Amino acid sequence: MAKAPILTPQAEDFPRWYQDLINKAELADNGPVRGTMVIRPYGYGLWERMQQEMDARIKDAGAQNAYFPLFIPQSYLTKEAEHVEGFAPELAVVTHGGGKELEEPVVVRPTSETIINEYFSKWVQSYRDLPLLINQWANVVRWEMRPRVFLRTSEFLWQEGHTAHATYEDARDYAARIHRDVYADFMVNVLGIDVVLGRKTAKERFAGAINTLTLEGMMGDGKALQLGTSHELGQNFAKAFNTQYLSKDSKQELVWQTSWGVSTRMVGGLIMSHGDDSGLRVPPRLAHVQVVVMAIKGDEAVVKVRELGDRLKAAGIRVQVDDRVDTPFGRRAVDWELKGVPVRIEIGPRDLENGTAMLARRIPGGKEPVTIDSLVDLLPKVLEEDQAQLLRESRERRESRTADVSTIEEAAEAAVAGGWARIRWADLGPEGEAKLGEQAVSVRCLVAEDGSVPDADDAPGTIAIVGRSY
């Protein structure tokens, strides 16, 4: 009798495969309150690497990290009507504290535009104070009715940037810079996901924004996942919170603002973009464990893998040594394969005699013997090859499963079949967008004919990217 697969095959049940992988690769568990999650050490290691890479790019863009309170007075949210209306169903509200009813209920942070604007209005006095560029790494709470670990949870981790500028043009350009130079650069060059950069339609725009820029990735089952957004807020929050500055002409002017964020949803996107029926596949540039050096058995092999681990670490490779020879080798190998570590170096007594090791590559698959002395020079090349392969596969999947169509019916058919459709926005429009919504299909973003981000929804030649989403 054939052995049962470790994971439910993707082709059989993609959502079940996703949940199996999270459990068996020890990435996360469901929390004790519905919609919450416990991120386990290996899963949190992925998030930490995402933080490190993102944080460096955010700082290169001029923003500084700060921290704002978790609890927000309810009155703050009511100052911007569209914003509170957009978040009302998701709010968690605290009415009692210290055994007493609070004089004013407080909202557990769903996003921080309101509380940050309260302080921007104090900190910004003159044009010399602008631009003000702030980022925050934090948790947020949005009460989720249909939770799924990493993708939709009532509490999740993220970064949220908030900026104030003297002019509309400066704010617009900064939102685009974050979209392109921070988010897209990270997602393409580190996550290995070939995202599409576009703008959201008015229907899908962030509550309180005048424009939302998005990055959409196609997952392994053909559905779309919104991996990050950058918003132009205009002067909506500045008006609500009276955030003004004294211009060079000695006039009081309202600031122009942006906000932008990515979250632990990217871990879910990583899983669904690159995972296969054997488990996760982690892009080498992201991996907090790029190489695991494994002793198959024997004391001499244990000594050798420890020595090799030190040499590889000294060469700048992120390494973990697995010298647990009291645990069966096959079980350990399967565990590392599930976790998606890009390379395994396996060394046993016979390898030691020959001065070789077995090199197992998770991303393309396969094994080959190599000399131990060659590994320091060989592994960086192998890791870069495998990084490029994941991006190539992501691009090929998106291109092969995206159809050019001319009618609403064809767009819906392509999405329901497990792919995306490209249709001229002039042929779809808000009415067609509403019809697609009746079939759980949405406009993921708008792009220009050349693939760039259009200046406006109704810009000539604008194309709508249509699909089903998570």
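For the structure, check the block above.
Summary of the structure given here.

Cut-offs applied
Residues numbered from 1 in each chain as written. Predicted model: local features only at pLDDT ≥ 70, side-chain atom pairs only at ≥ 80, totals over all residues. Heavy atoms only, no water. Helix = DSSP H or I, 4+ residues; strand = E, 2+ residues; numbered from the N terminus. Rg over C-alpha atoms; globule rule 2.2 N^0.38 Å. Buried < 20%, exposed > 50% of the residue type's maximum accessible area, 1.4 Å probe, protein only. Areas by Shrake-Rupley, 256 points an atom, 1.4 Å probe, with all protein chains shown as cover. Lys, Arg positive; Asp, Glu negative; His and termini not counted. Charge placed at Lys NZ, Arg CZ, Asp CG, Glu CD. Phe/Tyr/Trp six-rings, centres within 6.5 Å; stacked < 30°, edge-to-face > 60°. Lys NZ or Arg CZ within 6 Å of the ring centre and 35° of its normal. Core = buried A, V, L, I, M, F, W, Y, C linked by side-chain atoms within 4.5 Å. Contact = heavy atoms within 4.5 Å. 1 Å grid on protein atoms, 1.4 Å probe; cavity = no way out; pocket = protein on both sides within 12 Å on 5 of 7 lines; lining within 4 Å. Points joined across faces, edges and corners; volume = space filled by probe spheres on them. Nonpolar A, V, L, I, M, F, W, Y, C, P; charged D, E, K, R; others polar. Axes fitted to C-alpha atoms, helices over the stretch in contact; angles between N-to-C directions. Parallel < 35°, antiparallel > 145°, perpendicular 65-115°, else oblique. Left-handed = near helix turned anticlockwise from the far one by under 90°. Pairing = 2+ DSSP bridges. Salt bridge = Lys/Arg side-chain N within 4 Å of Asp/Glu carboxyl O.

Next up on the list: the overall build of the protein chain. Tallying secondary structure elements over the protein chain gives 14 helices and 23 strands in all. Against the compact-globule benchmark of 23 Å for 470 residues, the protein chain has a radius of gyration of 25 Å, which places it among compact chains. Across its three principal directions, the C-alpha atoms of the protein chain cover 80 × 55 × 50 Å. When burial is assessed residue by residue, the protein chain has 53% of its 470 residues classed as buried. Accessible surface computed for the protein chain: about 20800 Å², of which carbon and sulfur atoms make up 47%. Between the mean site of the 57 positive side-chain charges and the mean site of the 70 negative ones, the protein chain shows a separation of 3 Å.

For the coordinates displayed, the defined rule picks out 10 aromatic pairs. Between the aromatic rings of Phe-68 and Trp-123, the centroid separation amounts to 6.0 Å while the plane-to-plane angle is 40°, which identifies the pairing as tilted. Taken together, the positions of Phe-68 in the loop between strand 3 (64-65) and strand 4 (71-73) and Trp-123 in helix 5 (residues 113-123) put the pair 55 residues apart, joining distant regions of the chain. Of the residues examined, Phe-68 reaches a relative accessible area of 4% and is grouped as buried. Exposure remark for Trp-123: the relative accessible area of 42% places this residue in the partly exposed category. Judged by centre distance (6.3 Å) and plane angle (45°), the ring pair of Phe-120 and Trp-123 falls under tilted. Within this pair, Phe-120 and its partner Trp-123 are both found in helix 5, separated by three residues, close to a single helical turn. Each residue in the set Phe-68, Tyr-119, Phe-120 and Trp-123 is aromatic and connected to the rest through ring pairs, giving one cluster. Over the ring of Tyr-470 we find Lys-223, and its NZ or CZ is 5.0 Å from the ring centre. A cation over an aromatic ring shows up here: Lys-339 above the ring of Tyr-42, its NZ or CZ 5.7 Å from the ring centre.

If you look at the biggest cluster of nonpolar residues, it comprises 60 residues, and the most contacted ones within it are Leu-27, Phe-150, Met-187 and Ile-271. Counting residues per element, this core draws most heavily on helix 6 (residues 168-189), at eight residues. Leaving out residues up to four positions away in the same chain, Met-187 has contacts with Gly-192, Ile-193, Val-195, Leu-215, Leu-227, Gly-228, Val-262 and Met-266. In this structure, Leu-130, Ile-134, Phe-206 and Tyr-245 belong to the second largest nonpolar core, which totals 23 residues.

Looking now at the layout of surface pockets. For the second largest pocket, the calculated volume is near 320 Å³. Breaking the lining of the second largest pocket down by element, the ones donating at least two residues are helix 6, strand 9 (196-199) and strand 10 (211-218). Ranked by residues supplied to the lining of the second largest pocket, first place goes to helix 6 with six residues. Each residue belonging to the lining of the second largest pocket can be placed in one class, and the counts come to seven nonpolar, two polar and six charged.

Let's shift gears to the packing of helix 2 (residues 41-60) against helix 8 (residues 265-274). Following both chains from N to C, one finds helix 2 and helix 8 inclined at 110°, their axes separated by 10 Å at the closest point. In this view, helix 2 runs roughly perpendicular relative to helix 8, as classed from their interaxial angle. Of the two elements, helix 2 crosses helix 8, and the hand of that crossing is right-handed. The segment helix 2 lies against helix 8, with Leu-46, Trp-47 and Met-50 engaging Met-266, Val-267 and Leu-270. Class assignment for the residues of the contact of helix 2 with helix 8 results in six nonpolar, no polar and no charged.

This paragraph deals with the sheet that holds strand 15 (residues 291-295). With respect to topology, five strands assemble into an open sheet ordered 16-15-17-18-19, the strand pairing being mixed. Looking at strand neighbours, the two that pair on one side only are strand 16 (319-322) and strand 19 (367-371), the edges of this open sheet. Geometrically, the sheet is characterised by an average inter-axis angle of 25° between neighbouring strands, direction not taken into account. Bridge count for strand 15 against strand 17 (residues 343-347) is five bridges, and the pairing is parallel. The partner of Val-293 across the bridge, within strand 17, is Ile-345. Strands strand 15, strand 17, strand 18 (356-361) and strand 19 of the sheet are contacted by helix 12 (residues 375-400), whose axis makes an angle of about 10° with strand 18.

Let us now look at the pattern of salt bridges. As enumerated under the stated definition, the model contains 29 salt bridges in all. With its nearest N and O atoms 3.0 Å apart, the salt bridge here joins Asp-173 to Arg-172. Between Arg-361 and Asp-386 there is a salt bridge whose closest N-O contact spans 2.5 Å. In this pair, Arg-361 sits in strand 18 while Asp-386 sits in helix 12, placing the two residues 25 residues apart along the sequence. Taken together, the shared-partner salt bridges in this structure form one network comprising Arg-49, Glu-53, Arg-57 and Asp-185.

Now for the pairing of strand 23 (residues 463-467). The buried fraction of strand 23 amounts to five of the five residues, a majority that puts the element mostly inside the structure. Residues Ile-463, Ile-465 and Gly-467 point to one face of strand 23 and Ala-464 and Val-466 to the other, with burial holding for every one of them. Note: strand 21 (residues 420-424) against strand 23, four bridges, orientation antiparallel. Pairing of Ala-421 across the sheet is with Val-466, part of strand 23. Relative to strand 23, strand 22 (residues 442-447) runs antiparallel, the two being bridged by five bridges. Considered in strand 23, the bridge of Leu-446 is made with Ala-464.

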